[in-house]
Amino acid sequence: MDILERISEKLLDGDDQEVGRLTRQAIEQGLPPRKILDDGLIAGMGIVGQRFKVHEIFLPEVLMAAKAMYAGMDELRPLLVKEGVPSAGKVVLGSVQGDLHDIGKNLVGIMLRGAGFEVIDLGNDVAPERFVETAREQEAPVIGMSALLTTTMPVMKNVVELIREQGLDGQIKTIVGGAPVDAAFAGEIGADAHGFDAANAVERVKLLVGKTSK
Amino acid sequence: MTELMTFAADEVAPGREAVYELQGIPAGREVQGQAEALCTAALGLLSELAAPAGIIAEVSQAEFEAVYHGEGRNEASTPVGDIFNRAEHLALFAVTLGEEISREITERFRSNDFALGCMLDSVASAAADKLAELVESRFFGALRAEGKTTSGSGAMRYSPGYCGWHVSGQKKLFEVLRPERIGISLGPSFLMQPLKSVSGVIMAGPKEMHCFDDAYPFCERCETHDCRERIRALLGD
């Protein structure tokens, strides 16, 4: 088993210390940072996402793996920055205005980072203007919104409308999620995608990033 | 009359099953290893950091009607709107676990300790529900002790932000109840601080008044439909 496979394996075990150590070792062996990221850390998180999707593992195991992923990223980040390795894309993320529930949103953020995305997490109770302004300023092609209350879901529509009003609908795509949010609602409000869980959200965001115009 | 109350942290410690359910682990699934250890650690943090407190005030139907109508943003027809006129006793309530738990959850996420942060969030959510349940039981127990209930009486609680009662209803509720006295404040978007707080109304009266079909338009968007279980539990008392 090569070192990248061992990184993936230890990541699946949620062993953050070993992932950090093996990542350092891979760097010392001269492996390109991008390869360590893609074939070690992201590959491991990809397996985690698949296992989560089919209910072989659950939230605690996913989050232990994510912590291990971050331990590896801490070692790699300076090299990735130095070499100008681009992320998979930027995503602005937040729970909509009036909604204080952010665990689901946090999980999506963790999984997106695990898939190589740069996540700008605005937290909870985020006003529509802030979502759009941040996406513009950061040139993020995707806004992800979460709501757990039926009463706060309409805020998602406000964000979609604001994007249209500002003529940004070709540049900024939207994905919505949260317990009461379904694909039908996403379609009704004109959102570009619906993520039914964190793993699915990552898959949808990957598709959205490919659809935006630069 | 308004009553302020405090509880020991251990009184609100939730069962592991409730916590695992919030973690998305199916009921009956054997939980061991990392997940079990995380749950144990989170329950320990709850015991150490929670400062459970509650406030409750009985109100008349007319007083509640004003609270319920709030900012005028409720759905046209809701369970609360359909039930409260039949309630014999109504009490506004708010409970909180205090600020320390929320701070700890935030800190765990900030330090990449996601799994424990998330588990603590689930433990605290389940504990806040248990605390609300304790306050409801205490209210109903007091009514019973005063001879104000019959064998057919029951109580259930409802909260703004759920079942068509718009979250902006918090504003009027806070004006009447003033939960600031137990450290809960309301933000401009009607969010409560500390986050692990629950507020609403407890409606006591004939159990049957709580029997509604989850067929309101907004029920289509509800994934939990936990009203069914709550009604079943009430009728099974």
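Note that the structure is predicted; figures quoted are calculated from it, not measured. (Residues numbered from 1 in each chain as written. Chains lettered and ligands numbered in written order. Predicted model: local features only at pLDDT ≥ 70, side-chain atom pairs only at ≥ 80, totals over all residues. Heavy atoms only, no water.)

Right, let's get into a negative patch on the surface. A cluster of acidic residues, D2, E5, E9 and D13 of chain A, forms a negative patch at the surface. When you line up the elements, E5 of chain A lands in helix α1 (residues 3-12). (Patch = residues over 30% accessible without salt bridge, like charges linked within 9 Å, V, L, I, M, F, W, Y side chains within 5 Å. Areas by Shrake-Rupley, 256 points an atom, 1.4 Å probe, with all protein chains shown as cover. Salt bridge = Lys/Arg side-chain N within 4 Å of Asp/Glu carboxyl O. Lys, Arg positive; Asp, Glu negative; His and termini not counted. Charge placed at Lys NZ, Arg CZ, Asp CG, Glu CD. Helix = DSSP H or I, 4+ residues; strand = E, 2+ residues; numbered from the N terminus.)

Here we come to the sheet that holds strand β5 (residues 193-194) of chain A. Residues and elements named next belong to chain A. Ordered in space as β2-β1-β3-β4-β5, the five strands form an open sheet in which the pairing is parallel. The open sheet has two free edges, formed respectively by β2 (118-121) and β5, since each of these has just one partner strand. Sheet contacts for helix α6 (residues 128-138): β1 (90-95), β2 and β3 (142-146); angle to β1, the most-contacted strand, approximately 165°. (Pairing = 2+ DSSP bridges. Contact = heavy atoms within 4.5 Å. Axes fitted to C-alpha atoms, helices over the stretch in contact; angles between N-to-C directions.)

Okay, the side chain of S159 of chain B next. Residue and element names in this part refer to chain B. Among the structural elements, S159 can be located in the loop between β4 (153-158) and α7 (170-177). Exposure remark for S159: the relative accessible area of 18% places this residue in the buried category. Among the polar contacts made by the side chain of S159, one reaches the main-chain carbonyl oxygen of S199 at a distance of 2.6 Å. What S159 contacts, discounting residues up to four positions off in sequence, is W165, V198, S199 and G200. (Buried < 20%, exposed > 50% of the residue type's maximum accessible area, 1.4 Å probe, protein only. Polar contact = N/O pair within 3.5 Å; in protein donor to acceptor, adjacent residues only side chain to side chain.)

A word on the pairing of β1 of chain A. Each regular strand carries side chains that alternate between the two faces of the sheet. Residue and element names in this part refer to chain A. Buried residues dominate β1, accounting for five of its six residues. One ladder, built from four bridges, connects β1 with β2; its direction is parallel. Considered in β2, the bridge of K90 is made with E118.

What follows concerns the packing of helix α4 (residues 59-82) of chain A against helix α6 (residues 114-145) of chain B. Following both chains from N to C, one finds α4 of chain A and α6 of chain B inclined at 145°, their axes separated by 7 Å at the closest point. Listed contacts from α6 of chain B to L59, P60, L63, M64, A66, K67 and Y70 of chain A of α4 of chain A are F114, A115, C118 and M119 of chain B. For the contact of α4 of chain A with α6 of chain B, a count of residues per class yields 10 nonpolar, no polar and one charged. (Nonpolar A, V, L, I, M, F, W, Y, C, P; charged D, E, K, R; others polar.)

What follows is about the pattern of salt bridges. For the structure on display, the rule yields 21 salt bridges over all chains. When the shortest N-O distance is used, the salt bridge between E18 of chain A and R21 of chain A registers 2.8 Å. With E18 of chain A and R21 of chain A both in helix α2 (residues 16-28), this residue pair falls three residues apart, about one helical turn. With its nearest N and O atoms 3.8 Å apart, the salt bridge here joins R51 of chain A to E56 of chain A. E56 of chain A sits in the partly exposed class, given a relative accessible area of 49%. Within the structure, one salt-bridge network assembled from shared partners comprises D16 and K67 of chain A together with E104, R108 and D113 of chain B.

At the interface, 28 residues of chain B touch 31 residues of chain A. When chain B packs against chain A, the two sides together hide about 2,600 Å² of surface, and 63% of this comes from carbon and sulfur. Inspection of the chain B/chain A interface yields one salt bridge. Note that K67 of chain A is salt-bridged to D113 of chain B, the shortest N-O span being 3.8 Å. Across the contact surface, chain B and chain A share one residue pair in polar contact (both at pLDDT 80 or more). Among the secondary structure elements, those contributing two or more residues to the side of chain B that touches chain A are α2 (33-49) and α6 of chain B. Of the residues that constitute the side of chain B that touches chain A, the class distribution is 16 nonpolar, seven polar and five charged. (Buried area = accessible area lost by both parts, 1.4 Å probe.)

All names here are of chain B. On inspection of all chains with the given rule, the structure shows nine aromatic pairs over all chains. For the pair Y68 and F84, a centre-to-centre distance of 6.1 Å together with 45° between the ring planes defines the contact as tilted. One end of the pair, Y68, is in helix α3 (residues 61-69); the other, F84, is in the loop between α4 (79-83) and β3 (89-96), and 16 residues separate them in sequence. Residue classification places Y68 among the buried residues on the basis of a relative accessible area of 5%. When its relative accessible area of 3% is taken as the criterion, F84 is described as buried. Consider the rings of F212 and Y216, whose centres lie 6.2 Å apart with planes at 65°: the pair is edge-to-face. Taken together, F64, Y68, F84 and W165 form an aromatic cluster joined through their ring pairs. (Phe/Tyr/Trp six-rings, centres within 6.5 Å; stacked < 30°, edge-to-face > 60°.)

Turning next to unusual backbone geometry. A cis amide bond, omega -5°, links Q193 of chain B with the succeeding residue P194 of chain B. Within the secondary structure, P194 of chain B sits in the loop between β6 (192-193) and β7 (197-206). Of note, D125 of chain A is a non-glycine position whose phi angle comes to about 60°, a positive value. When you line up the elements, D125 of chain A lands in the loop between β2 and α6. D125 of chain A sits in the partly exposed class, given a relative accessible area of 24%.

Residues and elements named next belong to chain A. Running from N to C, α6 and helix α7 (residues 154-165) point in directions that differ by 40°, and their axes come no closer than 9 Å. Taken together, α6 and α7 sit at an angle that is classed as oblique. Considering only the axes of α6 and α7, their crossing is right-handed. Counted together, P128, E129, F131 and V132 of α6 and V155, N158, V159, L162 and I163 of α7 form the full contact between these two elements. For the contact of α6 with α7, the per-class residue count stands at seven nonpolar, one polar and one charged. (Parallel < 35°, antiparallel > 145°, perpendicular 65-115°, else oblique. Left-handed = near helix turned anticlockwise from the far one by under 90°.)

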